[in-house]
Amino acid sequence: MTVIKQDDLITSIADALQYISYYHPVDFIQAMGQAYQREQNPAARDAIAQILINSRMCAMGHRPICQDTGIVTVFLKVGMKVQWEADMSVTEMCNEGIRRAYLLPDNLLRASILDDPDGARRNTNDNTPGVIHYEIVAGDKVEVNVAAKGGGSEAKSKFIMLNPSDSVVDWVLSVIPQMGAGWCPPGMLGIGIGGTAEKAMILAKEALLEPIDIQELRARGAKTRAEELRLELFDKVNRLGIGAQGLGGLTTVMDVKVKDFPTHAANKAVAIIPNCAATRHTHFSLDGNGPAELVPPKLEDWPEVTREVGDNVRRVNLDTITRDDVKAWKPGDTLLLSGKMLTGRDAAHKRMIDMLDRGTLPVDLNGRFIYYVGPVDPIRDEVVGPAGPTTATRMDKFTRIMLERTGLLGMIGKAERGPTAIEAIRDYAAVYLMAVGGAAYLVSQAIKASKVVAFPELGMEAVYEFELEDMPVTVAVDHLGESVHQTGPRIWAEKISQQVVNFDF
Ligand code: SF4
């Protein structure tokens, strides 16, 4: 019989969550390095470079890879010969570990969990509760997988109950383009097939905990149907040309994981869950000899990467910018933003729209830019914690009214805009810029001052004013409504199919 002490599990969970907040898995870093080497679209290559530079900076600075530090998922396999020395339940221990990790003053993480999800949506303020799965297995150890999943990639999860004769490949290839780039590719796809509806979803999530090894599989060849699917989907998904951040390019996925389970004769449940640029998970085992020891990666594990800034780079002063200046920007141009920029995301937009109906706003948006972000709180001498962009499509429904009634000039977020937002941008000669999702600590280095200017009670969703120096962004929708997220993948899918680029992995 093995005795596991309460504090050993709590400490191990807390340590694991801190560890994954700033260390990417080594297999992920290496696969991203290979994607950087082979990428031929300069914009996608620069996005990958930013993700890798950000990753190394986070490992050195022990600060979060992404401002969205995720919802915690824990998978426990508890040996039948394990006894607990504890007065808490195992679920309570896991949640206490989460609480300690997210509130650690040396590396404060963002609390993103809201209770009453279809009601008041109040922040629980310590990122609890986690989503915890248990399995009772043979043995005398506790095996634990801990992951912190970003909301942007979790939002793109898909499920379908196919007919038994339907093709899994056809369905996956039909939904990936609809997922857009809000899941911050390049990343991985976890696919669960079989069982029941809930089993397929859990299989997809578990699949993402496995290391990236598609090249080994290619070398040895598939032995099972699940492995055949992995190889076929890896090739076909990358041929879609979606590329890093949806800008068009050679690498959309660095691996595809498939887990399957026996199912009913009438069913073929299929689930897809993507993992993003902030892939965060680790595994440890408790055997009664104290908390887990997690070995940090070595700095040599990160590839040498330099950002190659092309000749289409403009320095922009947001304090003096005019609508006519914006009209000169072309989709795909790189801008380095300086000056003052406002922030606002879901809750702030909802409030502002409600206030517009009643009178005036607490802050004048005329001629200004708004950045869709919910930053991590600062620590020590930081001006702001990691502050990368959030998914812009969530703000699409507010865009027309914001442009029409406030004189807002531009927006900055991550990934594509939908048709309603693009039409509004064109109608009001505004602009949408994108920053790289998963490069949050790097972006925050460009923020030299920060103050809350409205709705302080919303916490990370408050409206801030940031003072910038050279924040890198790309023009994603110009004043005419041309979107790089539409043109980029189309061009690169065609280049791949016409074999004018070297697609071989
Ligand atoms: S990398 Fe993108 S999807 Fe992942 S947590 Fe960050 S913002 Fe969200």
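Reference entry: report on the structure contained in this document. Just so we're clear, the structure is a prediction, and the values are computed from it rather than from any experiment.

The next point concerns the nonpolar core. Buried together is how nonpolar side chains tend to be arranged in soluble globular proteins. Residues I13, L17, L76, V144 and V146 are the most contacted members of the largest nonpolar core, which totals 98 residues. Looking at this core, the element that brings in the most residues is helix 1 (residues 6–22), giving nine residues. Leaving out residues up to four positions away in the same chain, I13 has contacts with V74, C94, G97, I98, V144, V146 and F284. Core analysis: the second largest hydrophobic core is formed by 28 residues, V316, V326, A435 and Y464 among them.

Looking now at helix 12 (residues 396–406). For helix 12, the set of buried residues is D396, F398, T399, M402, L403 and T406. The buried residues of helix 12 occupy an angular sector of 130° when projected down its axis, which confines them to one face. Looking at the packing, one finds that the buried side of helix 12 touches helix 11 (346–358), strand 16 (410–413) and helix 13 (419–427).

Taken together, 13 residues lie near the ligand, and C66, S153, C184, C276 and K414 sit nearest. Each residue belonging to the shell around the ligand can be placed in one class, and the counts come to four nonpolar, six polar and three charged.

Take the packing of aromatic side chains next. With the rule as written, the count across this model stands at four aromatic pairs. Where Y22 meets Y23, the ring centres are 4.9 Å apart and the plane angle is 80°; that geometry is what we call edge-to-face. An aromatic cluster is present here, built from Y19, Y22 and Y23 joined pairwise through their rings. Seen from the ring of F455, R351 lies directly overhead, with NZ or CZ sitting 5.2 Å from the centre. Here the guanidinium or amino end of R417 rests over the ring plane of Y432, the centre of that ring lying 4.9 Å away.

Most of strand 2 (residues 71–79) sits out of view: seven of its nine residues are buried. Of the pairings in the sheet, the one linking strand 2 to strand 6 (residues 131–137) comprises seven bridges and is parallel in character. Across the sheet, T73 pairs through a bridge with V131, a residue of strand 6.

Moving on, we come to the sheet that holds strand 11 (residues 268–275). If you walk across this open sheet you meet the four strands as 8-11-9-10, and the pairing is mixed. Two strands in the sheet have a free side with no partner beyond their single neighbour: strand 8 (158–162) and strand 10 (253–263). Adjacent strand axes in the sheet meet at a mean angle of 15°, parallel and antiparallel pairs treated alike. When strand 8 meets strand 11, the two strands line up antiparallel, connected through five bridges.

Remark on secondary structure: sheet strands pair via backbone hydrogen bonds, oriented parallel or antiparallel. Strands sit in the order 6-2-7-12 across an open sheet of four strands; the sheet is mixed. Bordering the open sheet on either side are strand 6 and strand 12 (281–286), each of which pairs with just one other strand. Taken over all neighbouring pairs, the strand axes of this sheet differ in orientation by 15° on average, direction set aside. Across six bridges, the pairing between strand 7 (residues 142–149) and strand 12 is antiparallel. Each bridged residue has a counterpart across the sheet, and for V142 the counterpart in strand 12 is L286. Sheet strands in contact with helix 1 are strand 2, strand 7 and strand 12, and its direction is about 155° off that of strand 12.

Pairing between side chains becomes possible if they bear opposite charge and their charged atoms approach one another. Under the definition given, this model contains 35 salt bridges. Residues R63 and E382 are paired through a salt bridge, measuring 2.8 Å at the closest nitrogen-oxygen approach. One end of the pair, R63, is in the loop between helix 3 (42–61) and strand 2; the other, E382, is in the loop between strand 15 (369–371) and helix 12, and 319 residues separate them in sequence. Here E96 and R99 are joined by a salt bridge, their closest N and O atoms 2.7 Å apart. With E96 and R99 both in helix 4 (residues 90–102), this residue pair falls three residues apart, about one helical turn. With relative accessibility at 17%, the residue E96 sits in the buried group. Classification of R99 by relative accessible area gives partly exposed; the value is 29%. The structure contains a network of salt bridges with shared partners spanning D7, E96, R99, R100 and D126.

A separate point is the environment of N41. Within the secondary structure, N41 is located in the loop between helix 2 (26–38) and helix 3. N41 gets classed as buried once you look at its relative accessible area, which sits at 8%. Taking C-alpha positions, N41 is 9.1 Å from G488, a pair spaced 447 residues apart along the chain. If we ignore the near neighbours within four places in the chain, the residues touching N41 are L247, G248, G249 and W492. In this structure the side chain of N41 is engaged in a polar contact, spanning 3.1 Å, whose partner is the backbone nitrogen of A43.

Before going further, it helps to spend a moment on helix 15 (residues 484–497). Each full turn of the α-helix corresponds to 3.6 residues, which orients residues three or four apart in the same direction. Taking 1.5 Å of rise per residue, the 14 residues of helix 15 would be expected to cover 20 Å, and the 19 Å separating its terminal C-alpha atoms lies within 8% of that figure. For helix 15, the set of buried residues is V484, H485, T487, G488, P489, W492 and I496. Buried residues in helix 15 make contact with helix 9 (225–238), strand 17 (431–434) and strand 19 (463–477). In this structure S483 caps helix 15, since a side-chain oxygen of it lies 3.1 Å from the backbone nitrogen of H485. Q499 occupies a position one or two residues after helix 15 and carries a positive phi of about 60°.

On to the environment of T393, then. In this structure, T393 sits in the loop between strand 15 and helix 12. When the C-alpha atoms of T393 and K81 are compared, they prove to be 49 Å apart, with 312 residues separating the residues in sequence. Discounting residues that sit within four places of it in the chain, T393 has contacts with E416, R417 and G418.

Calculation rules
Residues numbered from 1 in each chain as written. Predicted model: local features only at pLDDT ≥ 70, side-chain atom pairs only at ≥ 80, totals over all residues. Heavy atoms only, no water. Core = buried A, V, L, I, M, F, W, Y, C linked by side-chain atoms within 4.5 Å. Buried < 20%, exposed > 50% of the residue type's maximum accessible area, 1.4 Å probe, protein only. Helix = DSSP H or I, 4+ residues; strand = E, 2+ residues; numbered from the N terminus. Contact = heavy atoms within 4.5 Å. Arc of directions from axis to C-beta. Near = heavy atom within 4 Å. Nonpolar A, V, L, I, M, F, W, Y, C, P; charged D, E, K, R; others polar. Phe/Tyr/Trp six-rings, centres within 6.5 Å; stacked < 30°, edge-to-face > 60°. Lys NZ or Arg CZ within 6 Å of the ring centre and 35° of its normal. Pairing = 2+ DSSP bridges. Axes fitted to C-alpha atoms, helices over the stretch in contact; angles between N-to-C directions. Salt bridge = Lys/Arg side-chain N within 4 Å of Asp/Glu carboxyl O. Polar contact = N/O pair within 3.5 Å; in protein donor to acceptor, adjacent residues only side chain to side chain. Expected span 1.5 Å × (residues − 1).

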